[in-house]
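Structure at a glance
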Amino acid sequence: MDLLDAIRTRRSVRAFRDELISRDVLNAVLSDAANAPSAINMQPWELHMVIGEERKRLSRLLIRSFRERKLTCGPGAAHTLPDRFMQRARECAELMTPLIERMGADFMTYINEGSLNFYGAPAVALLFLDESFPPERMTDIGSFLAYLVLAATGHGLDSCPIGLVKSYEDEVKEHLNIPESKNLVVTVALGQAELGAAVNEFRSSRADLREFVRWIE
Ligand SMILES: Cc1cc2nc3c(=O)[nH]c(=O)nc-3n(C[C@H](O)[C@H](O)[C@H](O)COP(=O)(O)O)c2cc1C
């Protein structure tokens with residue numbers, strides 16, 4: 001697939017088919033994602049790939065924790081955000097709600113428990129950064145994330161970045177035996193989209209360039 005086609009057609013999928021993806025395909029996606037740029041090529045990312053039954057076991061634990069602790073998807077901002085950002089988040093929810101309701105589900109439950117279930121994806125990448133790195137190196141993880149979702153598209157896979165799992169980091173690390181010194185940044189569900197699922201009809205919009213670009217000459 002052409003790079004620009006991948007950039008233009010990639011989208012987050014929120015219902016996956018329960019079909020395993022071969023280790024060869026996942027390795028090909030990860031090898032391509034590893035071409036991501038990073039500061040002085042330190043490649044600080046560390047990945048834990050959780051697949052098959054282990055992925056399902058992890059989700060059962062996360063959903064149990066969610067039902068006890070109720071930490072939900074949201075902007076997670078410490079301060080009030082400018083209205084245009086909140087407006088974009090609201091638009092996302094407003095457009096997705098009728099699609100999720102068509103599936104007989106409630107929006108909040110579908111998004112929160114769905115995120116923690118990785119929307120049924122057969123594979124999930126957990127992206128970590130060692131605590132010894134300064135916060136600036138999160139940009140490198142973001143860079144890897146972007147390459148990962150595009151590499152997945154290039155290899156015929158669908159994906160959804162999932163940040164909510166970060167709220168349950170302690171449980172994840174204990175369950176997967178990951179040292180305390182590793183910080184979970186984000187997770188990515190990987191698999192094949194369930195094509196008939198209404199939620200996958202959702203298309204996110206983008207702001208006009210004039211809203212976020214200033215030219216100086
Ligand atoms: C860092 C990050 C965290 C995200 N966390 C979640 C999440 O927890 N649950 C979810 O359903 N989508 C999540 N998303 C997906 C975004 O909602 C999605 O990227 C956005 O709405 C734009 O849509 P698109 O990816 O289809 O272009 C996340 C995306 C990013 C980049």
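The structure this text deals with has already been given above.
This write-up is about the structure you can find in this document. Position labels on residues start from 1 in each chain and follow its written sequence. Whole-chain, interface and lining totals are the exception, using all residues; otherwise, since this is a predicted model, local features are given only for residues with pLDDT of at least 70 and side-chain atom pairs are given and counted only at 80 or more.

**Overview of helix α5 (residues 107-116)**
To be explicit about the condition: Put simply, a residue is buried when 20 or more other C-beta atoms lie within 10 Å of its own C-beta and exposed when 12 or fewer do; between those, it is partly exposed, and each C-beta is set from the backbone. Numbering of helices and strands starts at the N terminus; helices are DSSP runs of H or I of at least 4 residues and strands are runs of E of at least 2. Our contact criterion uses C-beta atoms placed from the backbone: two residues qualify when those atoms are within 7 Å.
When we look at burial in α5, the residues that qualify are Y110, I111, N112, G114, S115 and L116. If you follow the buried residues of α5, they end up packed against α3 (52-69), α4 (83-102) and β3 (158-162). The positive-phi residue at the C-terminal boundary of α5 is F118, with phi of around 50°.

**A few points about the nonpolar core**
Defined as follows: Nonpolar core, as used here: buried Ala, Val, Leu, Ile, Met, Phe, Trp, Tyr and Cys residues forming one set through C-beta atoms within 7 Å.
Counting 49 residues, the largest nonpolar core has V124, L127, L148, V188, A189 and L190 as the members making the most contacts within it. Among the elements of the structure, α2 (23-33), β1 (45-51), α3, α5, β2 (123-130), α6 (138-154), β3 and β4 (182-191) are those that each provide at least two residues to this core. Looking at this core element by element, the count peaks at eight residues for α6.

**Brief notes about the sheet that holds β1**
Heads up, the condition is: At least two DSSP bridges between two strands are required for those strands to pair. To get an axis, a line is fitted to the C-alpha atoms, and for a helix only the part in contact is used. The angle between two axes follows their N-to-C directions and goes from 0 to 180 degrees.
The strand order across the open sheet built from four strands is β1-β2-β4-β3, with neighbouring strands paired in antiparallel fashion. One side of each edge strand has no neighbouring strand; the edge strands of this open sheet are β1 and β3. Each strand of the sheet is rotated relative to its neighbour by a mean of 25°, with strand direction disregarded. Looking at chain direction, β1 and β2 are connected through seven bridges and run antiparallel. From the neighbouring strand, V50 faces β2, where its bridge partner is V124. Lying over the sheet, α6 contacts β1, β2, β3 and β4, oriented at roughly 10° with respect to β4.

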